[in-house]
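Each chain is listed here by its residues.
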Amino acid sequence: MTDQIRIQNLEVYAHHGVFPEEAKLGQKFLVDAVLYADLRKAGSTDHISDSVDYGFVCHYITEFMKENTYKLLESVAEHLAEALLLELPKTDSVELEIKKPWAPIVLPLDTASVKITRGWHTVYLSVGSNLGDRESYIRYALRALQANRRIRDVRISSLMETEPYGYRDQPSFLNAAIELRTLYTPYELLEFLHRIEAEAGRKREIHWGPRTLDLDILFYDDMILEKQDLIIPHPDMENRMFVMKPLAELCPGRVHPVLHKTVLRMLRELR
């Protein structure tokens with residue numbers, strides 16, 4: 001996304017700082033914000049409703065910084081960025097710089113600042129169940145995702161029945177794929193998914209064994225991540241029909257960032 005709305009040096013008098021007198025007396029802060037959004041429609045219609053109202057954004061930033069108190073500029077930036085992304089549905093990402101011209105360090109200094117970029121990320125999940133009321137467990141996961149304010153635009157594929165993969169001596173699975181957008185980092189999302197699984201009674205006793213609910217991250221934007229406890233894209237997904245078939249319903253043209261093949265091509269090769 002290349003379209004931007006830029007706000008520079010918005011002056012706000014607020015009460016943030018490590019020292020007690022900063023929180024008590026307050027001081028001046030300067031805020032720079034870059035809002036990334038698709039502005040083409042606004043440019044065609046000339047309607048403010050098709051854009052992001054920077055006047056509203058300036059007042060929102062001012063009120064947020066006045067009504068909240070944080071010790072660190074990092075915390076001001078993090079909470080403000082999330083608040084803006086939740087408040088402005090047309091904004092895909094935001095770049096914020098919080099500047100402190102009067103930083104109390106007893107040295108000549110123009111300004112100290114913290115600059116961050118935060119935004120919505122597109123994620124695809126695999127979901128499955130082979131114990132109890134399988135569809136109810138999957139619907140439970142769907143509701144939990146939809147209820148989280150840091151997750152939006154949740155879509156699910158058709159449900160499909162599949163034979164167990166790996167460990168064969170267990171009941172058949174009900175599987176689906178889920179698309180969503182989230183403010184979570186990969187590890188924050190993984191932690192939330194594990195919490196949903198635990199609330200659904202998931203027990204990790206046998207590798208590839210039976211489970212009430214299984215949620216795996218398949219894609220996270222075009223990220224390539226390989227850690228001991230998290231690999232993205234999900235390893236071996238291209239060899240699993242129960243993953244590829246429902247995923248192809250949601251994003252047939254999405255390209256695997258490692259294999260450089262579309263989901264539809266991987267499905268056809270698997271067949």
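Predicted model, so just to flag it, every value in this text is computed and none were measured.

1. Quick word on a nonpolar patch on the surface
1) Next: Together, V18, F19 and L72 make up a nonpolar patch on the protein surface, roughly 270 Å² of accessible area in all.
2) Next: Take L72: it is sitting in the loop between α3 (54-67) and α4 (73-87).

2. Considering the pairing of strand β9 (residues 214-220)
Here is the key point about a regular strand: its side chains alternate between the two faces of the sheet.
1) Next: The buried count for β9 comes to 6 of 7 residues, which makes it a mostly enclosed element.
2) Next: Two strands pair when backbone bridges link them, and strand β5 (residues 121-129) and β9 are joined in this way by 6 bridges, in the antiparallel orientation. Each residue of the ladder has a partner; that of L125, found in β9, is I217.

3. Looking at the packing of helix α5 (residues 134-147) against helix α6 (residues 186-199)
1) Next: α6 packs onto α5 with a crossing angle of 140 degrees between their chain directions and a minimal axis gap of 10 Å. In terms of axis orientation, α5 runs oblique to α6. For α5 against α6, the interelement crossing comes out right-handed. Mapping the contact onto sequence places Y140, A141, A144 and L145 in α5 and F192, L193, I196 and E199 in α6.
2) Next: Looking at the contact of α5 with α6 residue by residue, the classes come out as 7 nonpolar, no polar and 1 charged.

4. Quick notes on the environment of T45
1) Next: As for its placement among the helices and strands, T45 is situated in helix α2 (residues 40-45).
2) Next: Spatially, the C-alpha atom of T45 lies 23 Å from that of C58, the residues being 13 residues apart in sequence.
3) Next: Engagement of the side chain of T45 in a polar contact is seen with the backbone nitrogen of H47, the distance being 3.2 Å.
4) Next: Within the structure, the side chain of T45 is placed 2.6 Å from the side chain of D50, a separation counted as a polar contact.

5. Some points on the packing of α3 against α4
1) Next: Where α3 meets α4, the axes come as close as 11 Å, and the angle between the chain directions of the two elements is 140 degrees. Taken together, α3 and α4 sit at an angle that is classed as oblique. Seen along the crossing, α3 lies across α4 with a hand that is right-handed. Residue-level contacts link F56, V57, Y60, I61, F64 and M65 of α3 to V76, H79, L80, A83, L84 and E87 of α4.
2) Next: Of the residues that constitute the contact of α3 with α4, the class distribution is 10 nonpolar, 1 polar and 1 charged.

6. Focus on the side chain of R254
1) Next: Locating R254 in the fold gives a position in the loop between α7 (241-250) and α8 (263-270).
2) Next: When its relative accessible area of 19% is taken as the criterion, R254 is described as buried.
3) Next: Separated by 2.9 Å, the side chain of R254 and the backbone oxygen of D221 make a polar contact.
4) Next: Sequence-distant contacts of R254, defined by excluding residues within four places in its chain, comprise T122, Y124, F219, D221, D222, K261, T262 and V263.

7. Things to note about unusual backbone geometry
Note on backbone geometry: most residues besides glycine have negative phi, and most peptide bonds are trans.
1) Next: Of the consecutive residues I232 and P233, the connecting peptide bond is found in the cis state with omega at -5 degrees.
2) Next: Relative to the helices and strands, P233 resides in the loop between β11 (231-232) and α7.
3) Next: Even without being a glycine, D236 presents a positive backbone phi close to 70 degrees.
4) Next: The topology assignment puts D236 in the loop between β11 and α7.

8. Points about the nonpolar core
1) Next: By size, the foremost hydrophobic cluster in this structure holds 33 residues, and its most contacted members are V57, I61, M65, L80, L84, L96 and I98.
2) Next: If you list the elements that add at least two residues to this core, you get β1 (4-14), β2 (27-37), α3, α4, β3 (91-100) and β4 (112-119).
3) Next: Ranked by residue count, the leading element in this core is α4, at 8 residues.
4) Next: The contacts of L84, once residues within four sequence positions are left out, are V57, Y60, I61, V94 and L96.
5) Next: Ranked by size, the runner-up nonpolar core spans 28 residues in total, among them I138, A144, L145 and L189.

Thresholds applied
Residues numbered from 1 in each chain as written. Predicted model: local features only at pLDDT ≥ 70, side-chain atom pairs only at ≥ 80, totals over all residues. Heavy atoms only, no water. Patch = residues over 30% accessible without salt bridge, like charges linked within 9 Å, V, L, I, M, F, W, Y side chains within 5 Å. Areas by Shrake-Rupley, 256 points an atom, 1.4 Å probe, with all protein chains shown as cover. Salt bridge = Lys/Arg side-chain N within 4 Å of Asp/Glu carboxyl O. Helix = DSSP H or I, 4+ residues; strand = E, 2+ residues; numbered from the N terminus. Buried < 20%, exposed > 50% of the residue type's maximum accessible area, 1.4 Å probe, protein only. Pairing = 2+ DSSP bridges. Axes fitted to C-alpha atoms, helices over the stretch in contact; angles between N-to-C directions. Parallel < 35°, antiparallel > 145°, perpendicular 65-115°, else oblique. Left-handed = near helix turned anticlockwise from the far one by under 90°. Contact = heavy atoms within 4.5 Å. Nonpolar A, V, L, I, M, F, W, Y, C, P; charged D, E, K, R; others polar. Polar contact = N/O pair within 3.5 Å; in protein donor to acceptor, adjacent residues only side chain to side chain. Core = buried A, V, L, I, M, F, W, Y, C linked by side-chain atoms within 4.5 Å.

So, to be careful, I would describe these as geometric facts and stop short of saying anything about function.
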